[in-house]
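Fold and geometry: a report
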Amino acid sequence: MRKITAALIIAAFSILGAASGTLGQEEAAELAKAAQNPVGDLISLPLQNNTNFGLGHNESTQNILNVQPVWPIGVGPNWNVITRTIAPLISQPAFSDGDTSTFGLGDITFTAFLSPKAPGRVIWGVGPVVLIPTATNDRLGTDKWGLGPSVVLLAMPGNWVVGSLFSNVWSVGGSGEERVNLFTWQYFLNYNLPNGWYLVSAPILQANWESESGNRWTVPVGGGAGKIFRIGRQPINGQLGAYYNVTRPDFGAKWQLRAQIQLLFPK
């Protein structure tokens, strides 16, 4: 996992430092906005690596590689269903002297957004989110099935892509002892620059309603930069950013480094 992390971070730095010229200005702008739209009619495969620093009693480092395929499905002449799956590969550190590190698959999250094919100024999607207990180790998941709603709203004025994604998952079954009641809010601000470059802030705020009131929230702030480019005929979205958790649970991570490589498959 450390080798994967290093490879993704090195690749992201290389991408952001590489010269453009392989994509036309108009094509790069269109692909950037399509990649930044969670309910866009675009097949893609994001590989998002999140390295969390300062976690636990020993301030250890955790690594999560999210494999996140996005697949839109046409439903009649007016609607799309955009499926988004998140399969996390987790490198969990030892949190105490008698503990051991663990690596494996965490719980998979699946979301299906119903969204109009021809939206107005405000683009929206709504649908269910399902938590699937696929963790290969008890330390990597909840051993609970979960279900809840998810909503996304965004707009694309000028060079901007501005929006929010909300969801809440409640446990509905499984053998785990602890209940799941998790709220997630990701707001995203993207400003697109010439030659496929863009600036981005997309922190993921979470509230664990099962925790005590003073220990529920994780609130990161930060941002980064990205670029749309092409290797051969393959369009790719590369991104690198950092987020600091201004509010976090006891022994939660202090900050996060995020590196992403997203393969784009425009129609």
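Each remark here, short or long, concerns the structure printed above.
The following refers to the structure shown. Just so it is clear, the model here is predicted, and its values are computed rather than measured.

**Digging into the overall build of the protein**
Scanning the protein from N- to C-terminus turns up two helices and 15 strands. Computed over the C-alpha atoms, the radius of gyration of the protein is 19 Å, within 12% of the 18 Å expected from 2.2 N^0.38 for a compact globule of 267 residues. For the protein, the C-alpha atoms occupy an extent of roughly 55 × 40 × 30 Å along the three principal directions. Looking at the protein residue by residue over its 267 residues, the buried ones come to 43%. The contacts in the protein between residues at least 6 apart in sequence include a share of 57% that link residues at least 24 apart. Accessible surface, the protein as shown: approximately 13400 Å² in total, 60% of it carbon and sulfur.

**A closer look at the packing of aromatic side chains**
By the definition in use, this model includes eight aromatic pairs. Summarising the aromatic geometry, the rings of Phe53 and Trp255 are spaced 4.4 Å apart at their centres and angled 15° between planes, so their arrangement reads as stacked. Of this pair, Phe53 sits in strand 1 (residues 43-55) while Trp255 sits in strand 15 (residues 255-265), and the two are 202 residues apart along the sequence. Plain terms: the ring middles of Phe183 and Trp217 are 6.1 Å apart, the flat faces sit at 75° to each other, and that makes the pair edge-to-face. Highlighted residues: Phe183 in strand 10 (residues 181-192) and Trp217 in strand 13 (residues 217-231), separated in sequence by 34 residues. A relative accessible area of 30% means that Trp217 is categorised as partly exposed.

**Points about the nonpolar core**
Ranked by internal contacts, the top residues of the largest apolar core, which has 14 residues, are Val39, Phe113, Val152, Leu154, Phe188 and Ala202. Elements with a contribution of two residues or more to this core: strand 8 (144-155), strand 9 (160-174) and strand 11 (197-201). With sequence-adjacent residues up to four places away left out, Val39 is seen in contact with Ile82, Phe113, Ser115, Ile123, Trp124, Gly125, Val152 and Leu154. By size, the runner-up hydrophobic cluster in this structure holds eight residues, among which are Ala28, Leu31, Ala32 and Ile228.

**Focus: unusual backbone geometry**
Positive phi, close to 60°, is recorded for Asp143, a residue that is not glycine. Mapped onto the secondary structure, Asp143 falls in the loop between strand 7 (123-132) and strand 8. Positive phi, close to 65°, is recorded for Asn195, a residue that is not glycine. Inspection of the secondary structure puts Asn195 in the loop between strand 10 and strand 11. With a relative accessible area of 42%, Asn195 lands in the partly exposed category.

**Brief notes about a nonpolar patch on the surface**
On the surface, Trp71, Ile73, Val75, Trp79, Leu114, Val122, Trp124, Val126, Val151, Leu153 and Phe166 cluster together into a nonpolar patch covering about 920 Å² of accessible area. Of all the secondary structure elements, the ones that give two or more residues to the nonpolar patch are strand 3 (70-75), strand 7 and strand 8. Examining the composition of the nonpolar patch, we find that three residues originate from one element, strand 3, more than from any other. With relative accessibility at 40%, the residue Val75 sits in the partly exposed group.

**Observations concerning the side chain of Asn50**
As for its placement among the helices and strands, Asn50 is situated in strand 1. Note on Asn50: relative accessible area 6%, which makes it buried. Among the polar contacts listed, one links the side chain of Asn50 to the side chain of Gln48, at a separation of 3.0 Å. Leave out the neighbours within four places in its chain, and Asn50 touches Gln62, Asn63, Ile64, Asn66, Gln256, Leu257 and Arg258.

**Some remarks on the environment of Gly74**
Its place among the elements puts Gly74 in strand 3. Between the alpha carbons of Gly74 and Lys117 there is a distance of 8.4 Å; along the sequence they are 43 residues apart.

**A word on the pairing of strand 2 (residues 60-67)**
With respect to burial, strand 2 is a largely interior element, six of its eight residues being buried. One ladder, built from seven bridges, connects strand 1 with strand 2; its direction is antiparallel. Bridge pairing in strand 2 links Gln48 to Asn66. Following strand 1, the chain reverses through four residues before pairing antiparallel with strand 2; Gly56 in that reversal takes a positive phi of roughly 80°.

Conventions we followed
- Residues numbered from 1 in each chain as written.
- Predicted model: local features only at pLDDT ≥ 70, side-chain atom pairs only at ≥ 80, totals over all residues.
- Heavy atoms only, no water.
- Helix = DSSP H or I, 4+ residues; strand = E, 2+ residues; numbered from the N terminus.
- Rg over C-alpha atoms; globule rule 2.2 N^0.38 Å.
- Buried < 20%, exposed > 50% of the residue type's maximum accessible area, 1.4 Å probe, protein only.
- Contact = heavy atoms within 4.5 Å.
- Areas by Shrake-Rupley, 256 points an atom, 1.4 Å probe, with all protein chains shown as cover.
- Phe/Tyr/Trp six-rings, centres within 6.5 Å; stacked < 30°, edge-to-face > 60°.
- Core = buried A, V, L, I, M, F, W, Y, C linked by side-chain atoms within 4.5 Å.
- Patch = residues over 30% accessible without salt bridge, like charges linked within 9 Å, V, L, I, M, F, W, Y side chains within 5 Å.
- Salt bridge = Lys/Arg side-chain N within 4 Å of Asp/Glu carboxyl O.
- Polar contact = N/O pair within 3.5 Å; in protein donor to acceptor, adjacent residues only side chain to side chain.
- Pairing = 2+ DSSP bridges.

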